[in-house]
Amino acid sequence: MELYDESYAEVREVAEVASRHQAGEPVTVVTRSEWKSECKTCVWAEHCYENLVDQDDLTLLAGMDVATARALRAAGVDTVEALAHSDTFTAQVLDAGVV
């Protein structure tokens, strides 16, 4: 149970903040926006989507999963435009799972 609690601490925190937001309480966003399947039912979806569009976020690309987007960000590729301009070496490193 302890491992479960550690693994899902961030998810629980986001859910608690979302619940307070739905109740009309002023809250602060506690996580970085990433577009994923859960977004379809989230109270933050519209807010996050607008921010992600403004940030040219990788997770808005069709087929882009969160893990790959995080790996790309760790390699310094943090926007769709940056990905489009990345060189062959960067693509090969990412494809090999080095990052």
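Let me sum up the structure you'll find in this document.

## Quick notes on the nonpolar core
Move 1: Formed by Leu58, Met64, Ala69, Leu72 and Val77, the largest nonpolar core amounts to five residues.
Move 2: Setting aside its immediate chain neighbours within four residues, Leu58 contacts Met64, Ala69, Leu72, Arg73, Val77, Asp78, Thr79, Val80 and Leu83.

## Some details on the pattern of salt bridges
Move 1: Per the counting criterion, the structure on display carries five salt bridges.
Move 2: The salt bridge involving Arg73 is made with Glu34; its shortest N-O contact spans 3.2 Å. Residue Arg73 is found in helix α4 (residues 66–74), and its partner Glu34 is found in the loop between α2 (9–22) and α3 (45–55); the two are separated by 39 residues along the sequence.
Move 3: Arg73 sits in the buried class, given a relative accessible area of 17%.
Move 4: By sharing partners, the salt bridges in this structure join Glu34, Lys36, Asp57, Arg70 and Arg73 into a single network.

## Here we look at a nonpolar patch on the surface
Move 1: Together, Tyr4, Tyr8 and Val11 give the surface a local cluster of nonpolar side chains, amounting to about 310 Å² of exposed area.
Move 2: Note on placement: Val11 falls in helix α2.

## Topic: empty space enclosed by the protein
Move 1: As enumerated under the stated definition, the model contains one cavity of 30 Å³ or more in all.
Move 2: Of the pockets and cavities examined, the largest cavity occupies roughly 40 Å³.
Move 3: Looking at the largest cavity, the residues that line it are Val14, Val17, Val29, Val30, Thr31 and Trp44.
Move 4: Split by residue class, the lining of the largest cavity holds five nonpolar, one polar and no charged.

## Looking at the state of the cysteines
Move 1: For the coordinates displayed, the defined rule picks out zero disulfides.
Move 2: Cys39 takes part in no disulfide bond, and the closest cysteine sulfur to it belongs to Cys42, at a distance of 6.4 Å.
Move 3: Among the residues examined, Cys39 registers a relative accessible area of 11% and is labelled buried.
Move 4: The thiol of Cys42 is not disulfide-bonded; the next cysteine sulfur, from Cys48, is found 6.1 Å away.

Definitions and limits used
- Residues numbered from 1 in each chain as written.
- Predicted model: local features only at pLDDT ≥ 70, side-chain atom pairs only at ≥ 80, totals over all residues.
- Heavy atoms only, no water.
- Core = buried A, V, L, I, M, F, W, Y, C linked by side-chain atoms within 4.5 Å.
- Buried < 20%, exposed > 50% of the residue type's maximum accessible area, 1.4 Å probe, protein only.
- Contact = heavy atoms within 4.5 Å.
- Salt bridge = Lys/Arg side-chain N within 4 Å of Asp/Glu carboxyl O.
- Helix = DSSP H or I, 4+ residues; strand = E, 2+ residues; numbered from the N terminus.
- Patch = residues over 30% accessible without salt bridge, like charges linked within 9 Å, V, L, I, M, F, W, Y side chains within 5 Å.
- Areas by Shrake-Rupley, 256 points an atom, 1.4 Å probe, with all protein chains shown as cover.
- 1 Å grid on protein atoms, 1.4 Å probe; cavity = no way out; pocket = protein on both sides within 12 Å on 5 of 7 lines; lining within 4 Å.
- Points joined across faces, edges and corners; volume = space filled by probe spheres on them.
- Nonpolar A, V, L, I, M, F, W, Y, C, P; charged D, E, K, R; others polar.
- Disulfide = S-S within 2.5 Å.

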